[in-house]
Amino acid sequence: MTVSRENSKALYQGIKAAGVRFITALPETWLIYLLQMAEDDPEMCLIEVAKEEEAVGIAAGAYFAGTPNVMLLQNHGFLGAINGIVSLAMLYRVPLCMLIAHRGHMGEPYPWHTQGGIVTEPVLRGLGIPFDYARDPAKIAKQIREAYTFSRSSLSPVALLLTRDLMEGEA
Amino acid sequence: MKRADCIKAIYPEFETCLVVTIMGACAQELYDLGHQENFFYLQHAMGLASSIGLGLALNLPQKRTIVLDGDGSVLMNLGTLATMARYRPANLIQIIFDNGSLLSTGGFVSHTASGITDLAAIAKGAGIPNVAAVSTIYDFMEAAAAAFDRRDLSVIVAKVEATGPDHFGMDLKLPENALRFERFIRENCKKIVENSRP
């Protein structure tokens, strides 16, 4: 299977429709088309980071500066960013809208993704981070808008898990 | 050279800037000079002060952002030096107070003690265009003045003594600091949406 360009487009349009103009990201296979679209879009500022925890700080700075923004990352990057999420975002009530590629779940052929995939949902629950699964390209724009809105009203991290159903497909 | 003296020397410049400081002694020394609504004290999440500064600087290009950092914090997030260099916001100054110590957590020596790890060399290697390494207050003042004068990303590594205040405490709850900092920017910093792309 390859990454779905069509669904990536729906996702990107959803990000734009939510008013987002600033993205922090660490490149990951499922996000490849999204990152290309962000890079090619003169209205979007894309900041690629060295490690995902950095993106929490940059996203907080963007929030303080009043720029609507989202983080794009893989679930393993989310796991690596937890101290920043807890000790900056949650401690200071800084909203984060995280769009997380949920690798390592049903259908996953690659062994290296599996442990991270298995623990992602329990870790989100353990941290009390509201989350939802995104599976349907027809609903993705609404889901992004709602996740973004909720992060801002709750002053909390909110996660949208981008599933295999959404991200893979015919090129 | 003492960190408190360095902060005191440039404190008058802070009025027109956004200032993000790391935790502990550094935060306390800034606070003791007088809190301002444009100060954000990151009392945890070590390493991310520079990342917050980067996010601010990229999104408010007309506003100068100062990060007061430390060797222990920078060592936890070396990657951001490279990210800063790649996107190179002209309005960002990072001052790394290098006391070779994790002072606020018991005074254990850090990797920079005895000159083993050279943070200025790391910053240069990461691609930071303007890096100064100073160890006297005179040189610090000169490096700070040069950084404030130029419109380019600057990092100053200031070797300081491993000493801090004899007290800790602020009349400012952490979320309160974040809420007021966000409000200060919303009400006082003119947003330039276009050209935010580096």
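Not measured: the values here are computed from a predicted model. (Residues numbered from 1 in each chain as written. Chains lettered and ligands numbered in written order. Predicted model: local features only at pLDDT ≥ 70, side-chain atom pairs only at ≥ 80, totals over all residues. Heavy atoms only, no water.)

1. Considerations on the side chain of B:Thr83
To keep it simple, the criterion reads: Runs of E in the DSSP output that reach at least two residues are strands. Runs of H or I that reach at least four are helices, and both are numbered from the N terminus. Think of it in three bands: residues with accessible area under 20% of the maximum for their type are buried, residues over 50% are exposed, and the middle band is partly exposed, with areas taken using a 1.4 Å probe on protein chains only. Throughout, a residue-residue contact means that at least one pair of heavy atoms, one from each residue, lies within 4.5 Å.
The residue B:Thr83 is located in helix α5 (residues 79-87) in this model. B:Thr83 sits in the buried class, given a relative accessible area of 3%. Dropping the residues within four chain positions of it, B:Thr83 is found in contact with A:Ile47, A:Glu48, A:Val49, A:Ala50, A:Glu54, A:Ile58 and B:Leu54.

2. Observations concerning the environment of B:Asp71
All names here are of chain B. Here Asp71 lies in helix α4 (residues 71-76). The spacing of Asp71 and Leu102 is 31 residues in sequence and 8.1 Å in space, taken between C-alpha atoms. Setting aside chain neighbours within four positions, we find Asp71 in contact with Ile96, Phe97, Asp98, Asn99, Gly100, Ser101, Ser110, Thr112 and Leu119.

3. So, the sheet that holds strand β7 (residues 130-134) of chain B
Backbone-to-backbone hydrogen bonds pair the strands of a sheet. The strands run either parallel or antiparallel. All names here are of chain B. Spelled out, the test is: A strand pair is defined by DSSP finding two or more bridges across the two strands. Angles run from 0 to 180 degrees between N-to-C directions of axes, and those axes are lines fitted to C-alpha atoms, restricted for helices to the stretch in contact.
Here we have six strands laid out as an open sheet, ordered β2-β1-β3-β4-β8-β7, and parallel in their pairing. Both outer strands of the open sheet, β2 (39-41) and β7, are each paired with one neighbouring strand and no more. Across the sheet, the mean angle from the axis of one strand to that of its neighbour is 15°, orientation sign disregarded. Of the strand pairs in this sheet, strand β1 (residues 18-21) and β2 are connected by three bridges, and their pairing is parallel. Of the residues in β2, the one forming a bridge with Thr21 is Tyr41. Running at roughly 155° to β2, helix α8 (residues 174-188) makes contact with β1 and β2 of the sheet.

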